[in-house]
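Take a look at the letters that make up each chain.
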Amino acid sequence: MVMTQTAATPNDNVRARERVLHKRELPALQETAWRLSRDILEMTTTAGSGHPSSSLSAIDILTGLYFGGIMRYTPDQPTWPQRDRFILSKGHGAPALYA
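Keep in mind that this is a model prediction, so the values were computed, not measured. (Residues numbered from 1 in each chain as written. Predicted model: local features only at pLDDT ≥ 70, side-chain atom pairs only at ≥ 80, totals over all residues. Heavy atoms only, no water.)

### Observations regarding the packing of aromatic side chains
Throughout the structure, instances matching the rule amount to two aromatic pairs. Ring plane angle 75° and centroid distance 5.3 Å describe the contact between tyrosine 66 and tyrosine 73, whose orientation is recorded as edge-to-face. Taking the relative accessible area as the measure of exposure, tyrosine 73 reaches 14% and is therefore buried. Pairing tyrosine 66 with phenylalanine 86 gives two aromatic rings, centres 6.1 Å apart and planes at 70°, and the pair type is edge-to-face. Of this pair, tyrosine 66 sits in helix H4 (residues 59-67) while phenylalanine 86 sits in the loop between H4 and helix H5 (94-98); the two residues are 20 residues apart in sequence, bridging distant segments of the chain. Taken together, the ring pairs in this structure connect Tyr66, Tyr73 and Phe86 into an aromatic cluster. (Phe/Tyr/Trp six-rings, centres within 6.5 Å; stacked < 30°, edge-to-face > 60°. Buried < 20%, exposed > 50% of the residue type's maximum accessible area, 1.4 Å probe, protein only. Helix = DSSP H or I, 4+ residues; strand = E, 2+ residues; numbered from the N terminus.)

What follows is the structure in C-alpha cells.
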C-alpha cells in the first residue's frame, strides 16, 4: 500500500485548531450544559416570558454539538465556507442558542 501525504491548506489548520478548541471531556461538557441551563432560566425569568422547558430539552444536544467536537465552526470566522450550519426548527428553543 502506498500512502501519500497532501500539502496542508489553511483550512486544514483551521479545522485542526477548532477541533482542539471545542473538544471537551464529559465532565467539562456536563458543567457547560449545567451552566447554559442556568443561563436559560435566568434569561427567561428576567424577561418574564419564554419557554425554558423547550430550551432545556435541547441543551444537552447543543452542548455536545458545539462543545463536544462534533460541529466544525470557529466563532471568530463566521463566514468560513467549510463550517457546519445548525438550524433550530423549534423557535421556543431559541434561548438555548442565545445561552
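### A word on the confidence of the model for the chain
Summing up the model confidence of the chain, the mean pLDDT is 82 and the portion of residues at 70 or higher is 78%. When mean pLDDT is compared element by element in the chain, helix H2 (residues 26-47) scores highest at 94, while helix H1 (residues 10-22) scores lowest at 51. Low confidence marks residues 1-8, where pLDDT is under 50. Its contacts with residues over four positions away, or in another chain, come to two contacts. Across residues 17-21, where pLDDT falls below 50, the model places eleven contacts with residues more than four positions away in sequence or in other chains. (pLDDT = per-residue confidence, 0-100. Contact = heavy atoms within 4.5 Å.)

### A word on H2
Its 22 residues place the ends of H2 31 Å apart at the C-alpha level, agreeing with the 32 Å of an ideal helix rising 1.5 Å per residue. Within H2, burial applies to Leu29, Thr32, Ala33, Leu36, Ser37, Ile40 and Thr44. Down the axis of H2, the buried set is contained in an arc of 140°. They therefore lie on one face. Opposite the buried face of H2, at more than 90 degrees from it, the exposed residues are Pro27, Trp34, Glu42, Thr45 and Thr46. Structurally, H2 contributes buried residues whose contacts are with helix H3 (52-56), H4 and H5. Within two residues after H2, glycine 48 carries a phi angle of roughly 75°, on the positive side. (Expected span 1.5 Å × (residues − 1). Arc of directions from axis to C-beta.)

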